[in-house]
Amino acid sequence: MSTFISRRSLLAAAAALSLSASGALAQQNQVIRIGVTPGPHAEIVEQIKPIIAKKGYELKIFEFSDFVIPNQALDTGDLEANAFQHQPYLDNQVKDRGFKIVSAAPTVNFPMGIYSAKYKSWAEVPDGATVSIQNDPTNGGRALLLLQDKGVIKLKGGTGFKPTVLDITENPKKLKIVEIEAGQTVRSLADVAAAAINTSYAVDAKIDPNSAILREAPKGPYTNLIAVRSVDKDKPWVQALVDSYRSPEIKAFVAERFKGSILPTW
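Definitions and cut-offs
- Residues numbered from 1 in each chain as written.
- Predicted model: local features only at pLDDT ≥ 70, side-chain atom pairs only at ≥ 80, totals over all residues.
- Heavy atoms only, no water.
- Buried < 20%, exposed > 50% of the residue type's maximum accessible area, 1.4 Å probe, protein only.
- Helix = DSSP H or I, 4+ residues; strand = E, 2+ residues; numbered from the N terminus.
- Arc of directions from axis to C-beta.
- Polar contact = N/O pair within 3.5 Å; in protein donor to acceptor, adjacent residues only side chain to side chain.
- Contact = heavy atoms within 4.5 Å.
- Core = buried A, V, L, I, M, F, W, Y, C linked by side-chain atoms within 4.5 Å.
- Pairing = 2+ DSSP bridges.
- Axes fitted to C-alpha atoms, helices over the stretch in contact; angles between N-to-C directions.
- Salt bridge = Lys/Arg side-chain N within 4 Å of Asp/Glu carboxyl O.
- Expected span 1.5 Å × (residues − 1).
- Parallel < 35°, antiparallel > 145°, perpendicular 65-115°, else oblique.
- Left-handed = near helix turned anticlockwise from the far one by under 90°.
- Nonpolar A, V, L, I, M, F, W, Y, C, P; charged D, E, K, R; others polar.

So, about helix α9 (residues 248-258). Of all the positions in α9, only I250, F253, V254 and F258 are classed as buried. Along the axis of α9, the buried residues cluster in a sector spanning 100°; they form a single face. Set apart from the buried face of α9 by more than 90 degrees, the exposed residues are P248 and E256.

So, in structure tokens, the structure goes:
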């Protein structure tokens with residue numbers, strides 16, 4: 001079973017202690033410590049255990065409740081790998097925090113959705129309604145790009161993958177867009193007309209991704225990936241992890257378990 005740590009402050013201390021304690025073991029017994037977020041990422045990686053065991057490795061899974069600490073733990077060597085983020089998010093983390101971590105391989109695509117507990121379609125959302133989006137640049141920007149792609153808003157050109165609410169040039173419905181932590185978007189559903197929610201959080205909250213009232217096309221740069229430290233990228237265990245993840249068994253599991261809401265890239 002994987003280990004779940006729920007609060008950031010407790011997570012940092014507990015994860016550091018448990019990961020450090022297993023550090024020597026990781027080197028001696030071909031253990032690969034991998035960080036994931038709860039929900040689909042954790043479920044998928046759990047299925048890799050028997051596959052990679054046949055290659056001579058033991059996979060130890062650590063769950064984190066936010067998007068920052070798994071990269072911190074990887075960069076400091078408390079993890080060998082993580083699997084929870086897409087390339088734009090990793091690029092932003094590397095730029096802002098100086099992490100020496102890279103993508104080892106793409107994994108699955110989680111099309112983002114706009115969800116509502118009050119309305120069954122976007123057409124029902126009234127003018128002036130409040131919509132919550134993620135407050136980190138890449139996921140918040142992704143939500144805004146989704147709204148633009150669906151004709152809800154228009155954004156200033158040249159913002160790339162990280163537009164902000166300040167870049168909105170047209171907002172015909174006069175929506176009130178509020179920014180909150182990505183992990184809290186599910187909880188915000190009770191208080192807003194609609195919320196942009198990452199698919200991993202939606203599935204973890206037992207929300208059917210196919211119930212989104214607006215949904216991102218499964219294309220573009222937002223494919224998730226396995227990340228490792230730059231110094232490790234050519235080591236044999238990295239290829240073993242990539243091959244185990246991108247195996248026919250995992251592809252079949254994703255198709256059966258998630259019914260098209262999460263898409264393999266191989």
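Examined against the element boundaries, K173 turns out to sit in the loop between β9 (168-170) and β10 (176-180). A distance of 2.7 Å separates a polar atom in the side chain of K173 from the backbone oxygen of V125. Apart from residues lying up to four places away in sequence, K173 is in contact with W122, V125, P126, D127 and G128.

Moving on to the environment of F62. Its place among the elements puts F62 in strand β3 (residues 58-63). The class of F62 is buried, set by a relative accessible area of 9%. Separated by 25 residues in the primary sequence, F62 and T37 have C-alpha atoms spaced 8.3 Å apart.

This part takes up unusual backbone geometry. Positive phi outside glycine occurs at K174, with the angle close to 50°. Along the chain, K174 falls in the loop between β9 and β10. In this model, K259 sits at a positive phi of 50°, which is unusual for a non-glycine residue. Take K259: it is sitting in the loop between α9 and β14 (263-264). Judged by relative accessible area, which is 54%, K259 ranks as exposed.

To continue, consider the nonpolar core. Membership of the largest hydrophobic core comes to 32 residues, with the highest contact counts inside it found for V45, L241 and Y245. Looking at this core, the elements that each hand over two or more residues are β2 (31-36), α3 (40-53), β3, β4 (81-86), β5 (101-109), β13 (223-229), α8 (236-245) and α9. Setting aside residues up to four positions removed in sequence, Y245 forms contacts with I44, V45, I48, T107, V108, I226, I250 and W266. Among the nonpolar cores identified, the runner-up in size contains 23 residues, and L145, V152, I177 and A194 belong to it.

Moving on, we get to the sheet that holds strand β11 (residues 194-197). Strand order in the open sheet made by the five strands is β10-β7-β11-β6-β12, with mixed pairing throughout. The two strands at the open ends of the sheet, each matched to only one other strand, are β10 and β12 (214-215). Of the strand pairs in this sheet, strand β6 (residues 113-115) and β11 are connected by three bridges, and their pairing is antiparallel. Bridged to G113 within β11 is I197. Most of the contacts of helix α6 (residues 137-149) go to strand β7 (residues 130-134), to which it runs at about 135°, and overall it touches β6, β7, β10, β11 and β12.

Moving on to the pattern of salt bridges. What the rule picks out here adds up to 11 salt bridges. Of the charged contacts in the structure, one is a salt bridge between K49 and E46, with a shortest N-O distance of 3.2 Å. A residue pair is termed a helical-turn pair when its members lie 3 or 4 positions apart in one helix, as K49 and E46 do in helix α3 at three residues. One salt-bridge network, in which partners are shared between bridges, spans R229, D232 and K235.

The next point concerns α6. Over its 13 residues, α6 runs 18 Å from end to end, which matches the ideal 18 Å to within 8%, given 1.5 Å per residue. In terms of burial, α6 is a largely internal element, 10 of the 13 residues being buried. Those residues of α6 lying buried are T138, N139, G140, G141, R142, A143, L144, L145, L146 and L147. One or two positions beyond α6, positive phi appears at G151, with a value near 80°.

Attention now moves to the packing of α3 against α8. With their axes 9 Å apart at the nearest point, α3 and α8 run at an angle of 115° to one another. Our classification of the angle between α3 and α8 gives roughly perpendicular. In this structure, α3 meets α8 at a crossing whose hand is right-handed. Here α3 contributes I44, V45, I48, I51 and I52 to the contact with α8, which in turn contributes A240, L241, S244 and Y245. Of the residues contributing to the contact of α3 with α8, the split by class is eight nonpolar, one polar and no charged.

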